[in-house]
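A look at the structure
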Amino acid sequence: MRTILSKFLLGIAMFGLALMVASLFLQVISREFRWAVDWTEELGRFAFISMVFVATAYGTMKRSHLSVTVFSDLMILRFGPRPIHILHTAITLGFAGLMIYFSAQNFVDGLRYPNISPAIGFNQNILFLPMCIGFIIIFLLHLRDLSTLILKGSLDE
Amino acid sequence: MNDVYLILLVLFPLLLVLGLPIYVALGIVGLSISYVTDAPLVFATQNVLNGLDKFALLAIPSFILAGNIMEKGGITGDIINIFRHAFGHIAGSLGLVTIFACMFFAAISGSGPGTVAAIGAIMIPAMIKYGYPPTYAASVSATGGTLGVMIPPSNPLIIYGIIANVSIADLFAAGMVPGIMTALLLAIVAYILARRSGAVMKADTERSEHSIWRLIWKAKFALFLPVFILGGIYSGIFTPVEASVCAVVYALIVSVLVYRQLTWKSLTEAFENAVKLGGALMIIVACSTLFATTITLQRIPQDVVQAFGGVTESAIVVLLLICALLIVIGTFMETISAVIILGPILVPLVKSYGIDPLHFGIILIVTIEIAFLTPPLGVNLFVASQIANIKFEKVALAILPFVFTLIVSMLIVIFFPSISLWLPETIRSMR
């Protein structure tokens, strides 16, 4: 299940990145050939924003987020990994929960009061959806980590 | 001390020290300040989204992707061959070759550790084979990697440009002369250290039989890339963001059609690396916008400016104090994170002292180059010590002369602003 989710997230993030590169490259080409393509910048921006939230969830899965580990490594030596990891997981869980709640609220409000982009005519408030989905996955991953820590005592790599 | 300062000075460092992901620490601090100041929390997520809605940011994952494709596509070998041919016949010169190869690769990759991994993987074993001490081989490669963030295209410079509202093209131009100057200083020190190490170093016997011109011709596509990126930006053909995606397409075409080394598997790996690193950096940028908005609304930068005003009126003293602070912070915080967190506070401060934000951007980058080499974080040291298979502590000691050289370079950039400002001003006057 974890492998399938990991491949799915990576696939979507890679698609977002590829779409962003392709649309911006088309922008350069179209300008040189004087083609009337005015939607490339918006498409690139929306693909980029969506990619970041999916990539953040993927990074959580791969435990590749940037952090200052010097002091926490010392604390792990002193107190063992379990209490430190439980603390990390619980705090991140709380943060992800708040982000889900408020991004969902923005998404729902945004459907009622749309913010339409000029070129594509896309309601930009829909971008709160990938944010919300990204944080839901982060929340679920940390929930799983917390239960693993409580039941087994250590996290799998 | 009011609640906001309590959050900034107690909660924020505590969250970082606990080892939480930096984006979580920034987000929690932003939410907490919004809460204690009665700001609607629903705006917090809007700030996070707005943080990503900046066109210039699109350049960062693209440059990371371009660098990864070039590394997997086999471009590195050709660059090294040219410098080995030029200097390799002189005993003790492989350190110099490493620095110059790093300088050139930096003009393609935009990443410090990426440069160490790409060049170090070839040059560290070569130096050890020719009798150079392993600690020297590792330290010179780690040092060369620092040029990755200074010579354009540089990801920290893009971030700084967005924070300080400075033209990214101007920042790229401003980094060029200090970057080349630093590379020359490091190359001189590398050669002197090699000669003084007492080790018996043989001349490079694996130099190519071909003439240097033939090697340059063979590497023409790799050598043309920096010209293509920077030339395209300054000639107005494309913006820095468009340059980043053109670099991706160029790297793809050269790796697939010319070098024929890029497989589907390595292309997927390049994309995965770009997604992982790009995502990790961009979510920090997003959450830092929430952080920056809250501290700006609370007028924290103005308070910092006032506090510094009471200490000194000298711009040079302020710059030296900031650099000392950055070196300390940089020892335990990743470069881009440090720029993101400190930028919104430091830029108004230096502007209040009449310092050109363009000049300050380069000082910031030269200073954080030093942090790349200082333990306990020192990412370049980890990469180099792993390749050389020696203890991290040994490399950390061997690196000291190079750290001293970088400090000298930092002081030169501080005291002579024209070193960084001359090229962008010249380019602007030509437009």
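Since this is a predicted model, take the numbers as computed values, not measurements. (Residues numbered from 1 in each chain as written. Chains lettered and ligands numbered in written order. Predicted model: local features only at pLDDT ≥ 70, side-chain atom pairs only at ≥ 80, totals over all residues. Heavy atoms only, no water.)

Bringing the overall build of chain A into the picture now. Helices and strands together make up the secondary structure of chain A, namely five helices and zero strands. Counting from the amino terminus, chain A carries its helices and strands in the arrangement α-α-α-α-α. Computed over the C-alpha atoms, the radius of gyration of chain A is 20 Å, more than 25% above the 15 Å expected from 2.2 N^0.38 for a compact globule of 157 residues. Reported as C-alpha extents along the three principal axes, the dimensions of chain A are approximately 65 × 35 × 30 Å. Buried positions account for 47% of the 157 residues belonging to chain A. Here chain A carries 12 positive and 9 negative side-chain charges, and the mean point of each set is 9 Å from the other. (Helix = DSSP H or I, 4+ residues; strand = E, 2+ residues; numbered from the N terminus. Rg over C-alpha atoms; globule rule 2.2 N^0.38 Å. Buried < 20%, exposed > 50% of the residue type's maximum accessible area, 1.4 Å probe, protein only. Lys, Arg positive; Asp, Glu negative; His and termini not counted. Charge placed at Lys NZ, Arg CZ, Asp CG, Glu CD.)

A separate point is the pattern of salt bridges. Residues and elements named next belong to chain B. In the structure shown here, the tally under the stated rule is eight salt bridges over all chains. For K265, the salt bridge is made with E269, and the minimal N-O distance between the two is 3.4 Å. Separated by four residues within a single helix, K265 and E269 lie in helix α14 (residues 264-297), roughly one turn from each other. Using a relative accessible area of 60% as the deciding quantity, one classes K265 as exposed. Of the residues examined, E269 reaches a relative accessible area of 29% and is grouped as partly exposed. (Salt bridge = Lys/Arg side-chain N within 4 Å of Asp/Glu carboxyl O.)

Attention now goes to the packing of helix α4 (residues 81-112) of chain A against helix α2 (residues 22-36) of chain B. Two elements in contact, α4(A) and α2(B), have axes whose closest approach is 10 Å; the angle formed by their N-to-C orientations is 60°. Viewed along their axes, α4(A) and α2(B) adopt a mutual orientation that is oblique. Between α4(A) and α2(B) lies a crossing whose hand is left-handed. Residue-level contacts link A:I91, A:T92, A:F95 and A:L98 of α4(A) to B:Y23, B:V24, B:G27, B:I28 and B:L31 of α2(B). Partitioning the contact of α4(A) with α2(B) into residue classes produces seven nonpolar, two polar and no charged. (Axes fitted to C-alpha atoms, helices over the stretch in contact; angles between N-to-C directions. Parallel < 35°, antiparallel > 145°, perpendicular 65-115°, else oblique. Left-handed = near helix turned anticlockwise from the far one by under 90°. Contact = heavy atoms within 4.5 Å. Nonpolar A, V, L, I, M, F, W, Y, C, P; charged D, E, K, R; others polar.)

For the rest of this paragraph, the subject is the packing of helix α7 (residues 112-129) of chain B against helix α8 (residues 134-145) of chain B. Residue and element names in this part refer to chain B. Relative orientation of the contacting elements α7 and α8 amounts to 155°, with a least axis distance of 8 Å. Between α7 and α8, the angle falls in the class roughly antiparallel. In this structure, α7 meets α8 at a crossing whose hand is right-handed. Two secondary-structure elements touch here, α7 through G112, T115, V116, G120, I124, M127 and I128 and α8 through P134, Y136, A137, A138, V140, S141, A142, G144 and G145. For the contact of α7 with α8, a count of residues per class yields ten nonpolar, six polar and no charged.

Time to look at the interface of chain B and chain A. Counting residues at the interface gives 52 residues for chain B, matched by 53 residues for chain A. Roughly 4,800 Å² is buried in total at the junction of chain B and chain A, and carbon and sulfur atoms are behind 81% of that figure. If you look at where chain B meets chain A, you find two salt bridges. With its nearest N and O atoms 2.4 Å apart, the salt bridge here joins B:D53 to A:R45. On inspection of chain B and its partner chain A, the count reaches ten residue pairs in polar contact (both at pLDDT 80 or more). (Buried area = accessible area lost by both parts, 1.4 Å probe. Polar contact = N/O pair within 3.5 Å; in protein donor to acceptor, adjacent residues only side chain to side chain.)

A separate point is a nonpolar patch on the surface. All names here are of chain B. A cluster of nonpolar side chains, namely F221, I253, V256, L257 and V258, defines an oily patch on the protein surface of about 410 Å² accessible area. When residues in the nonpolar patch are grouped by element, the largest group, four residues, is from helix α13 (residues 240-259). Considering the arrangement of structural elements, one finds F221 in helix α12 (residues 220-234). We classify F221 as partly exposed; its relative accessible area is 31%. (Patch = residues over 30% accessible without salt bridge, like charges linked within 9 Å, V, L, I, M, F, W, Y side chains within 5 Å. Areas by Shrake-Rupley, 256 points an atom, 1.4 Å probe, with all protein chains shown as cover.)

As a further point, take the packing of aromatic side chains. As enumerated under the stated definition, the model contains 13 aromatic pairs over all chains in all. Between A:F95 and B:Y23, the ring centres sit 6.2 Å apart and the planes meet at 65°, which makes this aromatic pair edge-to-face. Of the two residues, A:F95 is situated in helix α4 and B:Y23 in helix α2; the pairing between them involves two chains. An angle of 20° between the planes, with centres 5.8 Å apart, marks the rings of B:Y132 and B:Y136 as stacked. We note that B:Y132, like B:Y136, is buried. Taken together through their ring pairs, the aromatic side chains of A:F53, A:F95, A:F135 and B:Y23 make up a single cluster. (Phe/Tyr/Trp six-rings, centres within 6.5 Å; stacked < 30°, edge-to-face > 60°.)

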